[in-house]
Every structure is written in C-alpha cells, then in structure tokens.
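# Remarks on the overall topology
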Amino acid sequence: MFGISNPRPRVFMRMIPISIPTPFYVGDVNVYLIREDPITLIDVGPKTDEAEKALAEGLGRHGLSFRDIRRIVLTHSHEDHCGLAKKVRDQAANADVFVHEWETGHLFGRLASEEHRKLLLRSGVPPAVFAQMHGLYEEISLLTDSLARSDLKPLHDEMELEFDGGSLTVLHTPGHTPGSCSFLRAADRTVICGDCVLKRITPNPMLAPDPHDREKRFPSLAEYLVSLARLRSLSPTLAYGGHGESVSDFEEIFNRYVRAIDERQRRVVGLVPSGGITAYELAKGLFPDAVDNDVHRFLAISEAIAHLDYAHGQARVGLEISDGVEIYKPA
C-alpha cells in the first residue's frame, strides 16, 4: 500500500526590509535585502554615518557585511535611496550597480543641470529663488557619492533579475522620477515599489527634464497614473514601499490616491484666475508654508507644475507663453 506524502511547502526567496535613518522629513527609508545568491540590496540609504551604521547592523543581523553584497539595485536615484551605493560597492569588491538609464541623480545634483534651471524659470520661479534652491540642493547632493555612467548597469522594463531561488521582474514605473522602477516577485505577486506606492503619503511627481527631449518637462503626473494602473493590473498581494509600512490592500490605496489626485486637480483648476497664473504662483497658493520653506519648496513647485501639466493635457486649463514664462489661464 502506497502512502500519500505531504507536499513540501513552497519557499519564496526572502525580501528582508532594513530601516535606515535619513535626515529628511519623510523619515526612515526602507532598504530590501534579497538573501539569495547573488546577495542583493534594493536601495541603500543616504550617505550619512548614521545610515551606514544602520545598514551594516541590519546586514549583520543576517550574518552579512558590505563585503558579501554582489548586486545593488536602485529603485531611483534620490539621495535617501542611492547615497551609499558607491561606498557599499567599493567595500563589496565592485558589486554591480543597476539603475534605469533615465535616472540622473547619481551623476550630479538634482538641480545642477542647466535644463532644470530653464524649466524652473519657465515656470515662473524668480532667479533669486532658484539660486536659493540650487544652493540647498548642492548641500543635499553631499548625501550621495556620484557614480559615472561606466559604473552602472541599466535596468530595462521586464528584464529578469535572477537569483538561485527565483527571480524579480523589473517594472519601469515612472512618475515620481522618470526612471523609477519596481520589482515583482511573480510567484506570489509581491512588489518592491520604491516611492511609487507609500502607505501614509501620496508620492510627489517630481520636476525633471524629459529623457527624450531635455528641453521639455517629463509629464510626471500622467506617467505616474499609468504606473499606478499597471501595478494595480498585477493584483499585488503585498507592496513594499520606500518608506513606512507595506501595503496589503492595493485596491484601497489605489482608489485613495486617485481620489486625492482628482481633488487636487479640481482645486488647481479652481485657482487659475482669468488673468492667468504661473506654476510658481500656483504653488504659493496651494502650499503657502512649503514654498517659503527651503526644504519643501522644490517639492511644492514640482507638485504644482505636475498638476498644471496634467490639467492642460486634459484641456482643463489653457497655456500661453509670455516673455519665456508659462502662463496658465482658464480653458
């Protein structure tokens, strides 16, 4: 007589979150350790002594050190996510560093390019205000060590990151930044999604040059909504974000995000006067405290620009150019 054996429980490769302190208002950043060969970190945290110590201790709890890392994968190139990439890579005997080719923050500061200056001045930002913002981001850029393009390997949409115990599928999910990426473990529909999905806050669609034409703005909010819909179509069982707790009810957060964006769209359109308004002026109306705060000013202006771009694309507002500055008017 033959016995019936119980099937062995399926073991998925482990995604281990490590909380890393940052100097930013958003709080700790989540780094993810994939403890499968090749041992991989998804994001690394900012270049501060506190972050380096926390990352080393987090790895140590799993019997690892920087020397054991074989692959560093970046969701995007903001300082709180990529700052320690070079230091970890150098201590790990030149581990491979992967990032989407549309990301540029690892090459120079966020507002260091001439394209950023032109885009912000075109949006009505006074030159003196831009100079203040540029100075602040020069300081923030010290939280990461720049990497040359030759130091990086590109992430491409739907490429597979192979491990001994499975794989992660790369999903290009632009919006927060042009090259933001998420990573799908298809076996159980778990996603690591960086700052594309955050449980407690709605991610900022950041101002950036369009990778296809750097004289133009990247349509961040429109692209973000497409990325959200793409993630939703996968029916994620669990979404690990770049900050805060994981999301177990993706449908709820998707609907909450869409409602919040729709409400802000209505407010933005309602704030556009008959005489016209610049994105910078609108930002002061939407976020009066933030625009006067050096740390939050760029986020507030980015949000205003993104919503005006989206409203214009939906024919909810009109757009004119006056002396090189964009003026939005009622449709």
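For the structure itself, look to the data block above.
Residues numbered from 1 in each chain as written. Predicted model: local features only at pLDDT ≥ 70, side-chain atom pairs only at ≥ 80, totals over all residues. Heavy atoms only, no water.

## Quick notes on helix α1 (residues 49-60)
With 12 residues, α1 extends 16 Å from end C-alpha to end C-alpha; this agrees with the ideal 16 Å at 1.5 Å per step. Those residues of α1 that fall on the buried side of the exposure criterion are Ala51, Glu52, Ala54, Leu55, Gly58 and Leu59. Viewed along the axis of α1, the buried residues span an arc of 165°, placing them on a single side of the element. Along α1, exposed side chains directed more than 90 degrees from the buried face belong to Asp49, Glu50 and Lys53. The inward-facing, buried residues of α1 abut β1 (15-20), β2 (29-34), β3 (40-42) and α3 (85-91). (Helix = DSSP H or I, 4+ residues; strand = E, 2+ residues; numbered from the N terminus. Expected span 1.5 Å × (residues − 1). Buried < 20%, exposed > 50% of the residue type's maximum accessible area, 1.4 Å probe, protein only. Arc of directions from axis to C-beta. Contact = heavy atoms within 4.5 Å.)

## Some remarks on the sheet that holds β3
Within a sheet, adjacent strands bond to each other through the backbone by hydrogen bonds, running parallel or antiparallel. Read from one edge of the open sheet, six strands run β1-β2-β3-β4-β5-β6, paired in mixed fashion. One side of each edge strand has no neighbouring strand; the edge strands of this open sheet are β1 and β6 (152-155). The mean angle between the axes of side-by-side strands here comes to 25°, regardless of whether they run parallel or antiparallel. Both strand β5 (residues 96-100) and β6 contribute to a ladder of four bridges, which runs parallel. The residue bridging Val97 from the neighbouring strand is Leu152, located in β6. Contacts from α1 reach β1, β2 and β3 within the one sheet, and its direction differs from that of β1 by about 150°. (Pairing = 2+ DSSP bridges. Axes fitted to C-alpha atoms, helices over the stretch in contact; angles between N-to-C directions.)

## Let's talk about the pattern of salt bridges
According to the stated counting rule, one finds 21 salt bridges in the structure shown. A salt bridge links Glu245 to Arg200; the nearest nitrogen and oxygen atoms lie 2.7 Å apart. Remark: Arg200 occurs in the loop between β10 (190-192) and β11 (209-210) and Glu245 occurs in the loop between β13 (238-240) and α7 (250-271); sequence separation between them is 45 residues. On the accessibility criterion, Arg200 (60% relative accessible area) is exposed. (Salt bridge = Lys/Arg side-chain N within 4 Å of Asp/Glu carboxyl O.)

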